[in-house]
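Below, each chain spelled out in residue letters.
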Amino acid sequence: MDRQRLVVFSGAGISAESGLRTFRDSDGLWEEHRIEDVATPEAWHRDPTSVLRFYDQRRAQVIAAMPNAAHIAIAQLQGKFEVVVVTQNIDDLHERAGSEHVLHLHGEILKARSTKDPGLVVQLEKPTIEIGDRCALGSQLRPHIVWFGEAVPMMDPAIDLIARADHLLVVGTSLNVYPAAGLIQYAPRYCSITLVDPADVTLTRAGMTHIKAKASEGVPSLASEWMRKGSITA
Ligand code: NAD
């Protein structure tokens, strides 16, 4: 029998208990910064040094953080199910927990990209990006992050994955950040959808089951139930 296909759709909340703060939970500020000052193309054009420093700090936090019980439980599900992770996060905690198939919708903090060719992405060899650090084409490197107001190039591959899911596990996202939040609508009719988030998230699709719990509690408990049964149930 084919293995059941589980797509995990994660947001900033899954990494909160690893010490990486979400920003919608803190007055719309991301680590005390306004989004418009650090996470938009306008901010980059106005003050690239401040943008680089902001992401250097985020990178240092990610490097120091460890995967939590939710990241680990998701990786363990690979033992019985076909699991793909579609994450809005820019950290690498899913990968470090052992998840083998991870698609990053909003980029990856440990990578940089060319300001001339968005397809030219490099793994960073050092913890910071400086003004004057150049890509192979000679242009300034920028963080490999999708800023607010920019297109999300990984949307189509993410839609393909979600459109083929038997089950969707949504963890730690307010379902407020578009276009990513709209992805849930692409799940097929027969796909069960479970959300783990401690907040009163507005459910964007009928039939979703909401488990109001922190990721480190809700996800391992679901995962152990599914592993024991050998089957995913809503
Ligand atoms: P968001 O609004 O989608 O996520 C915040 C959600 O996490 C909220 O619904 C909140 O209730 C939930 N949450 C908080 N603590 C939780 C816990 N312990 N367990 C489960 N859920 C919990 O996302 P955002 O914070 O507005 O961030 C928006 C974007 O900024 C992200 O999509 C990402 O691109 C970027 N970001 C990334 C990281 C990261 O990579 N770790 C962190 C912050 C922001």
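Residues numbered from 1 in each chain as written. Predicted model: local features only at pLDDT ≥ 70, side-chain atom pairs only at ≥ 80, totals over all residues. Heavy atoms only, no water.

Caption draft 1: Highlighting the domain arrangement of the protein chain. Per the domain assignment, the segments making up the protein chain are domain 1 (1-19 + 66-106 + 152-234) and domain 2 (21-64 + 107-145). Summarising the inter-unit geometry, the C-alpha centres of domain 1 and domain 2 are found 25 Å apart. Counting residues at the interface gives 17 residues for domain 1 and 14 residues for domain 2. Summing the contributions of domain 1 and of domain 2, the shared interface buries around 1,000 Å²; its carbon and sulfur component is 58%. The three residues of domain 1 that bury the most area against domain 2 are Ile90, His104 and His106, which together make up 41% of that side's buried surface. On inspection of domain 1 and its partner domain 2, the count reaches zero salt bridges. For the side of domain 1 that touches domain 2, the class distribution of residues is six nonpolar, seven polar and four charged. (Domains from an automatic or database assignment. Contact = heavy atoms within 4.5 Å. Buried area = accessible area lost by both parts, 1.4 Å probe. Salt bridge = Lys/Arg side-chain N within 4 Å of Asp/Glu carboxyl O. Nonpolar A, V, L, I, M, F, W, Y, C, P; charged D, E, K, R; others polar.)

Caption draft 2: Inspection of the environment of glutamate 100 at higher detail. Looking at where glutamate 100 falls in the secondary structure, it is placed in the loop between helix H5 (93-97) and strand E5 (102-104). Along the sequence, glutamate 100 and valine 84 sit 16 residues apart, while their C-alpha atoms lie 7.8 Å from each other. (Helix = DSSP H or I, 4+ residues; strand = E, 2+ residues; numbered from the N terminus.)

Caption draft 3: Quick peek at the sheet that holds strand E7 (residues 121-123). Pairing is antiparallel across the open sheet formed by three strands, whose spatial order is E7-E6-E8. Each edge of the sheet is formed by a strand with only one pairing partner; in this case those strands are E7 and strand E8 (141-145). Direction aside, the axes of adjacent strands within the sheet are offset by 45 degrees on average. Strand direction decides the pairing type here: strand E6 (residues 107-114) and E7, joined by three bridges, are antiparallel. Pairing of arginine 113 across the sheet is with valine 121, part of E7. Docked against the sheet, helix H3 (residues 48-64) engages E6 and E8, running at close to 140 degrees with respect to E6. (Pairing = 2+ DSSP bridges. Axes fitted to C-alpha atoms, helices over the stretch in contact; angles between N-to-C directions.)

Caption draft 4: Structural view of the packing of aromatic side chains. Enumeration over the complete set of coordinates arrives at three aromatic pairs. Plain terms: the ring middles of phenylalanine 54 and tyrosine 55 are 5.0 Å apart, the flat faces sit at 85 degrees to each other, and that makes the pair edge-to-face. The exposure classification of phenylalanine 54 matches that of tyrosine 55, with both residues buried. Here the aromatic rings of tyrosine 55 and tryptophan 147 are separated by 6.5 Å at their centres, their planes lie at 40 degrees, and the arrangement is tilted. Highlighted residues: tyrosine 55 in helix H3 and tryptophan 147 in the loop between E8 and helix H6 (155-163), separated in sequence by 92 residues. Judged on exposure class, the residue tyrosine 55 and its partner tryptophan 147 are both buried. Among the aromatic side chains, those forming a connected cluster through ring pairs are Trp44, Phe54, Tyr55 and Trp147. Lying across the ring of phenylalanine 54, arginine 58 places its NZ or CZ 4.6 Å from the centre. (Phe/Tyr/Trp six-rings, centres within 6.5 Å; stacked < 30°, edge-to-face > 60°. Buried < 20%, exposed > 50% of the residue type's maximum accessible area, 1.4 Å probe, protein only. Lys NZ or Arg CZ within 6 Å of the ring centre and 35° of its normal.)

Caption draft 5: Geometry of the nonpolar core. Among the nonpolar cores identified, the biggest contains 27 residues, and Phe9, Val86, Leu105, Leu168 and Leu183 are the most heavily contacted of them. If one sorts the elements of this core by residue count, H6 sits on top with five residues. Discounting chain neighbours no more than four positions away, the residues touching valine 86 are Val7, Val8, Phe9, Ser10, Leu103, Leu105, Ala158, Leu161 and Leu183. Residues Leu20, Trp44, Val51 and Ala65 belong to the second largest nonpolar core, which totals 24 residues. (Core = buried A, V, L, I, M, F, W, Y, C linked by side-chain atoms within 4.5 Å.)

Caption draft 6: View of the sheet that holds strand E10 (residues 192-196). Across the sheet, which stays open at both edges, the six strands sit in the order E5-E4-E1-E9-E10-E11 with parallel pairing between neighbours. The open sheet has two edge strands, E5 and strand E11 (209-211), and neither has a second partner. Taking the axes of each pair of neighbouring strands and ignoring which way they run, one obtains an average angle of 20 degrees across the sheet. Where E10 and E11 come together, three bridges link them in parallel fashion. For threonine 194, the partnering residue across the bridge sits in E11 and is threonine 209.

Caption draft 7: Highlighting the pattern of salt bridges. Under the counting rule described, the total for this entry stands at 14 salt bridges. Aspartate 200 is paired through a salt bridge with lysine 212; the nearest N and O atoms lie 2.3 Å apart. With aspartate 200 in the loop between E10 and E11 and lysine 212 in the loop between E11 and helix H7 (215-229), this pair connects stretches of sequence that are twelve residues apart. Residue aspartate 200 shares its accessibility class with lysine 212, and that shared class is exposed.

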